[in-house]
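# Coordinates in review
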Amino acid sequence: MQVYADNAATTKLSKTALDAMMPYLTDIYGNASSLYRIGQEAHHGVQAAREKIAKALNAQTSEIYFTSGGSEADNWAIKGVAELMAKKGKKHIITSSFEHHAVLHTVKRLEEQGFEITYLPVYENGIVHVQDVRDAIREDTALVTIMYANNEIGTIQPIPEIGAVCHEKGVLFHTDAVQAAGHVPLDVKAQNIDLLSMSAHKFHGPKGIGALYCKQGVRLPNLIEGGAQERGRRAGTESVYAMVGMAAALEESCAHMEENAAKMRKLRDRLIDGLLKIEASHLNGDRQNRLPGNVNVSFEGVEGESLLLYLDMKGVSASSGSACTSGSLDPSHVLLAIGLPHEIAHGSLRLSLCESNTEEEVDYIIACVPEIIERLRSMSPLWERIQKERGNQ
């Protein structure tokens, strides 16, 4: 059996998105900045896509900017606000210790340029405390950036409450919603969000396209000079088909969000219950307050990469953490942030489901993992040591 369970890394392109894209790959191939008919048809496609994305976020069309993906949107939001607020003498940024590297590496670069960064803890359940945000805000705070849902352990943060504190204190609030968009309800007004990043390939859209929501009145510096695209803020000929595909995928995901989430939660909980029957296994992150399809479990005495290789031989596609750091041998910074020791963090398994997964597939994973864990532990000096230590207690 072949089971794809790495939807947090990327999702399969939906037929709805593909069908929406095809005319812009074949017939409506004009440059969207051109004045003749085929160019204007492409332009209308861009505008319609922007309107659909704005509607999904309860934003204005003029507040949506297309990007190449979530990482670019994160960079633009954070660096842009930093440059904007530095002119007002505000050079302090607040984030959490388990953000995606698109955020962490960006604030690190700003730190090298003289900004001061406060990294908030996330505690054992993987949740940022609103009071910690309140306590960290200072007179010179330029931005708070906290992810909506963690890309590894799936925990959902108290975004509306954090945003409310930021607005009370007069501080801009950005959230990386790459894992959340299309899977949980987003409303930038109700949730007090000033800037939001998203990426199409996380909700069955095409790769290479994302968007940044930027609240009206927040005028970020231009990202790319050289053209009038994206209202002069990000130059470059528009990838019309990708924009249209993103909008179609998001619209479809939002239309079926409630039923898809209910199905995924049922599969998720079935999978968690099955994996936690394995000796010395631990669920990472809050059991309930997590994305509908996210399962992240650590197994003591096991090395994560070996587990993935054996699962692949069984036909199961999974991950040990973020796809962006899959080549690294270091333990996940997310798991270390929630307090796991290195030796347990190394033995993590992330399984991320979507609405097309089935109970049969989940049961197949539940059947495969214990066999693999037993085999790996039989060869592990670390597991032997753990057993001896427990036997001496």
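We now turn to the structure provided with this report. (Residues numbered from 1 in each chain as written. Predicted model: local features only at pLDDT ≥ 70, side-chain atom pairs only at ≥ 80, totals over all residues. Heavy atoms only, no water.)

## Thoughts on the sheet that holds strand 5 (residues 141-145)
- On the basis of which strands lie adjacent, the open sheet formed by 7 strands has the order 2-8-7-6-5-3-4 and mixed pairing. Each of the sheet's edge strands pairs with one partner strand only, and the pair in question is strand 2 (64-67) and strand 4 (116-120). Each adjacent strand pair in this sheet contributes to an overall mean axis angle of 20°, direction not counted.
- Seen against the sheet, helix 2 (residues 37-57) touches strand 2, strand 7 (195-199) and strand 8 (210-214) and runs at an angle of roughly 115° to strand 2.
- Its contacts with the sheet place helix 6 (residues 159-169) against strand 5 and strand 6 (172-176), and it is angled at close to 155° to strand 6. (Pairing = 2+ DSSP bridges. Helix = DSSP H or I, 4+ residues; strand = E, 2+ residues; numbered from the N terminus. Axes fitted to C-alpha atoms, helices over the stretch in contact; angles between N-to-C directions. Contact = heavy atoms within 4.5 Å.)

## Considering the packing of aromatic side chains
- Under the counting rule described, the total for this entry stands at 1 aromatic pair.
- On the basis of an interplanar angle of 70° and a centroid distance of 5.6 Å, the ring pair of Tyr65 and Trp76 is categorised as edge-to-face. Of this pair, Tyr65 sits in strand 2 while Trp76 is found in helix 3 (residues 70-86), placing the two residues 11 residues apart along the sequence.
- The residue whose ring lies beneath Lys91 is Phe115, and the NZ or CZ to ring-centre distance is 4.9 Å.
- In this structure, Arg231 is placed above the aromatic ring of Tyr65, and the distance from its NZ or CZ to the ring centre is 4.2 Å. (Phe/Tyr/Trp six-rings, centres within 6.5 Å; stacked < 30°, edge-to-face > 60°. Lys NZ or Arg CZ within 6 Å of the ring centre and 35° of its normal.)

## A short note on the sheet that holds strand 12 (residues 348-352)
- The 3 strands are arranged 9-10-12 in an open sheet whose pairing can be described as antiparallel. The sheet terminates laterally at strand 9 (281-283) and strand 12, the two strands that pair on one side only. When strand polarity is set aside, the average angle formed by the axes of neighbouring strands in this sheet is 25°.
- Here strand 9 pairs with strand 10 (residues 294-299) via 3 bridges, running antiparallel.

## Here's the deal with the packing of helix 9 (residues 304-313) against helix 12 (residues 359-378)
- Contact pair helix 9 / helix 12: the axes reach a minimum separation of 10 Å and the direction vectors enclose 130°. Relative to helix 12, the element helix 9 is oriented oblique. Viewed along their axes, helix 9 and helix 12 form a crossing whose handedness is right-handed. Listed contacts from helix 12 to Ser306, Leu307, Tyr310 and Leu311 of helix 9 are Cys368, Val369, Ile372, Ile373, Arg375 and Leu376.
- Grouping the constituent residues of the contact of helix 9 with helix 12 by class yields 8 nonpolar, 1 polar and 1 charged. (Parallel < 35°, antiparallel > 145°, perpendicular 65-115°, else oblique. Left-handed = near helix turned anticlockwise from the far one by under 90°. Nonpolar A, V, L, I, M, F, W, Y, C, P; charged D, E, K, R; others polar.)

## Some remarks on the pattern of salt bridges
- Per the stated rule, a full pass over the model turns up 19 salt bridges.
- Here Arg234 ties to Glu72 by a salt bridge, and the two come within 2.4 Å at their closest N and O atoms. Highlighted residues: Arg234 in the loop between strand 8 and helix 7 (240-255) and Glu72 in helix 3, separated in sequence by 162 residues. Across the pair, exposure class does not vary: Arg234 and Glu72 are buried alike.
- Three or more residues are tied together by salt bridges with common partners; here these are Lys266, Arg270, Glu359 and Asp363. (Salt bridge = Lys/Arg side-chain N within 4 Å of Asp/Glu carboxyl O. Buried < 20%, exposed > 50% of the residue type's maximum accessible area, 1.4 Å probe, protein only.)

## Here we look at the environment of Glu259
- Positionally, Glu259 belongs in helix 8 (residues 257-275).
- Separated by 89 residues in sequence, Glu259 and Gly170 place their C-alpha atoms 38 Å apart.

## Comments concerning a nonpolar patch on the surface
- Residues Leu13, Leu18, Met22, Leu25 and Tyr241 make up a contiguous nonpolar surface patch of roughly 380 Å² in combined accessible area.
- Here the nonpolar patch takes 3 residues from helix 1 (residues 15-26), the largest share from any one element.
- On the secondary structure map, Met22 appears in helix 1.
- For Met22, a relative accessible area of 36% translates into the label partly exposed. (Patch = residues over 30% accessible without salt bridge, like charges linked within 9 Å, V, L, I, M, F, W, Y side chains within 5 Å. Areas by Shrake-Rupley, 256 points an atom, 1.4 Å probe, with all protein chains shown as cover.)

## Description of helix 2
- The terminal C-alpha atoms of helix 2, which comprises 21 residues, lie 31 Å apart, in line with the 30 Å expected from a rise of 1.5 Å per residue.
- Those residues of helix 2 that are buried are in contact with helix 1, strand 2, strand 7, strand 8 and helix 7.
- Within two residues after helix 2, Asn58 carries a phi angle of roughly 60°, on the positive side. (Expected span 1.5 Å × (residues − 1).)

## Some details on the environment of Val165
- By the element assignment, Val165 lies in helix 6.
- Classification of Val165 as buried rests on a relative accessible area of 3%.
- Residues contacting Val165, with those up to four places away along its chain left out, are Val130, Arg134 and Ile137.

## Details of the side chain of Arg268
- Residue placement: Arg268 occurs in helix 8.
- Contact partners of Arg268, with chain neighbours within four places excluded, come to Arg287, Gln288, Arg290, Leu291, Pro292, Asn294, Val295 and Leu353.

## Some details on the nonpolar core
- Of all hydrophobic cores here, the largest spans 63 residues; its most connected members are Ile53, Leu57, Val144, Leu186, Leu196, Met198 and Met246.
- The element contributing the most residues to this core is helix 7, with 8 residues.
- Once you skip the residues sitting within four places of it in the chain, Met198 turns out to touch Ile53, Leu57, Gly69, Gly70, Val178, Ala181, Phe203, Gly210, Ala211, Met246 and Leu250.
- Of all hydrophobic cores here, the second largest spans 27 residues; its members include Ala5, Leu308, Val316 and Val369. (Core = buried A, V, L, I, M, F, W, Y, C linked by side-chain atoms within 4.5 Å.)

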